[in-house]
Amino acid sequence: MTTGPRDRREGCPAAAPAQPDTGRRPAPARAAVWRQSLSVGIATGTYGLSFGALAVGTGLSVAQACALSLLMFTGGSQFAFVGVVGAGGGTPAAVATAGLVGARNGFYGLQTSRLVVPRSWPHRLLAAQATIDESTATSTAQAALHPERPELARLGFWSTAASVFALWNVATLLGALLGDALGDPRSLGMDAAAAAAFLALLWPRLRSATPLTVAVAAAVVALGCVPVLPAGAPVLVAAAVGVAAGWWTR
Amino acid sequence: MNGWTAVLAASAVCFAVKLLGYVAPPRWLERPRVARVSALVTVALLAALVAVQTAAADRAVVVDARVPALAVAVLALLLRAPFVVVVVLAAVVAGLLRALGLAG
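Residues numbered from 1 in each chain as written. Chains lettered and ligands numbered in written order. Predicted model: local features only at pLDDT ≥ 70, side-chain atom pairs only at ≥ 80, totals over all residues. Heavy atoms only, no water.

Q: I would appreciate a short explanation of the environment of Gln 36 of chain A in the present structure.
A: Residues and elements named next belong to chain A. On the secondary structure map, Gln 36 appears in helix 1 (residues 26-57). Owing to a relative accessible area of 6%, Gln 36 belongs among the buried residues under this scheme. In this structure the C-alpha to C-alpha distance between Gln 36 and Ser 139, which are 103 residues apart in sequence, comes to 11 Å. (Helix = DSSP H or I, 4+ residues; strand = E, 2+ residues; numbered from the N terminus. Buried < 20%, exposed > 50% of the residue type's maximum accessible area, 1.4 Å probe, protein only.)

Take a look at the structure:
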């Protein structure tokens, strides 16, 4: 729910040993897709626990935390949403921040719509909601690994989305109930935990000089705006650093 | 703020963004510049959230128990600790420093 497709080496042609099954042995390839989907789902479950606990720690109800995981269903945006709400930001700032963090899903849809090939509007709407980091990563990896078997890319997309959806939502509920039972979020260091969660989400994206520079500049701009702007606004102002850097660098 | 309004509006916006990839003419989103802006906006937003969540209290920049907690999180990330370990370590450090009265 949090890392881009390039962070999932599993299933990439370069990382996998040469596999001779090109259609004659359909079962192993399908089983491998299911195994990968399940392991990705279990991994995101741990993020879901953190999300549920942090959401309740910032003042959302258990039902609101669960609604975010069911309806928004894109982890980075969900963390960003509770971050802005926790800082005292208003509805417009929380909505805008969540939407901007989720912008990459629009780009994923371009790729996955060609792999999933939805044939009706209900199908298309369901595929759109299922378009997240993990389903995109699994389906594009399968498309690269088995270009002659598009059904594996489709299977990877839906099986990963289903696995992540189930485990992410169960984990959110458990985390929210746990957070609710634990009590005072500040004495438990939940505010620091939220900061660490954002850093861990950011970490895999800092692999070259440009994103690193953008990250430092955005942090400085955001803190510079804290004394003069209402809560939530400094984060949105810092987004301009990313826009400017993306527009003028190459 | 009304929590439910924000939850539902933000969810609707995120769904609309996802749907965009299925209905937009590909040439709109396929420009390299647009993809680059999207990637770097995510980086900028997450970095700003780290900064604000670590050092902002209402309308002031403060140094409290969250700063050493984040330093420990950086160390854990450098040692390739899993997500949940990073998050729990930061909470434990901040919670301990506050319980011992060493930081606000």
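Q: Looking at this structure, how should I read the interface of chain B and chain A?
A: Size of an interface, as often reported, equals the accessible area lost when the parts are brought together. Listed as interface residues are 67 residues of chain B and, on the opposing side, 91 residues of chain A. Here chain B and chain A share an interface that buries about 6,800 Å² over both sides, 77% of which is from carbon and sulfur atoms. Among the residues chain B hides against chain A, the three largest losses belong to Lys 18, Tyr 22 and Phe 83 of chain B. Together they make up 13% of the total. At the surface where chain B touches chain A, the tally comes to 1 salt bridge. (Contact = heavy atoms within 4.5 Å. Buried area = accessible area lost by both parts, 1.4 Å probe. Salt bridge = Lys/Arg side-chain N within 4 Å of Asp/Glu carboxyl O.)

Q: Just to check I follow, could you spell out the nonpolar core for this structure?
A: General note: in soluble globular proteins, nonpolar side chains tend to be found buried as a group. With 84 residues, the main nonpolar core has Leu 68, Phe 79 and Phe 81 of chain A together with Phe 83 of chain B as its most contacted residues. When residues of this core are sorted by domain, at least three fall in each of domain 1 (5-205) and domain 2 (206-250) of chain A. Setting aside residues up to four positions removed in sequence, Phe 81 of chain A forms contacts with Leu 60, Leu 68, Met 72, Ala 94 and Ala 98 of chain A together with Ala 6, Val 7 and Ala 10 of chain B. Listed in part, the 8 residues of the second largest apolar core include Val 116 and Ala 128 of chain A together with Leu 19 and Tyr 22 of chain B. (Core = buried A, V, L, I, M, F, W, Y, C linked by side-chain atoms within 4.5 Å. Domains from an automatic or database assignment.)

Q: I would appreciate a short explanation of the pattern of salt bridges in the present structure.
A: Side chains bearing opposite charge may pair, as long as their charged atoms lie close to each other. Residues and elements named next belong to chain A. Taken as a whole and assessed by the stated rule, the structure comprises 4 salt bridges over all chains. For the salt bridge of Glu 151 with Arg 149, the shortest nitrogen-to-oxygen distance reads 3.0 Å. Overall, the relative accessible area of 29% leaves Glu 151 in the partly exposed class. The class of Arg 149 is buried, set by a relative accessible area of 7%.

Q: I would appreciate a short explanation of the domain arrangement of chain A in the present structure.
A: All names here are of chain A. Here chain A is partitioned into domain 1 (5-205) and domain 2 (206-250). One C-alpha centre belongs to domain 1, the other to domain 2; they are set 24 Å apart. Each partner contributes to the interface: domain 1 provides 15 residues, whereas domain 2 provides 9 residues. Of the roughly 820 Å² buried at the junction of domain 1 and domain 2 (both faces included), carbon and sulfur atoms supply 65%. Linking domain 1 to domain 2 there are 0 salt bridges. The tally of links between domain 1 and domain 2 comes to 2 residue pairs in polar contact (both at pLDDT 80 or more). The greatest single-element share of the side of domain 1 that touches domain 2, amounting to 4 residues, is contributed by helix 4 (residues 91-101). Of the residues that constitute the side of domain 1 that touches domain 2, the class distribution is 8 nonpolar, 4 polar and 3 charged. (Polar contact = N/O pair within 3.5 Å; in protein donor to acceptor, adjacent residues only side chain to side chain. Nonpolar A, V, L, I, M, F, W, Y, C, P; charged D, E, K, R; others polar.)

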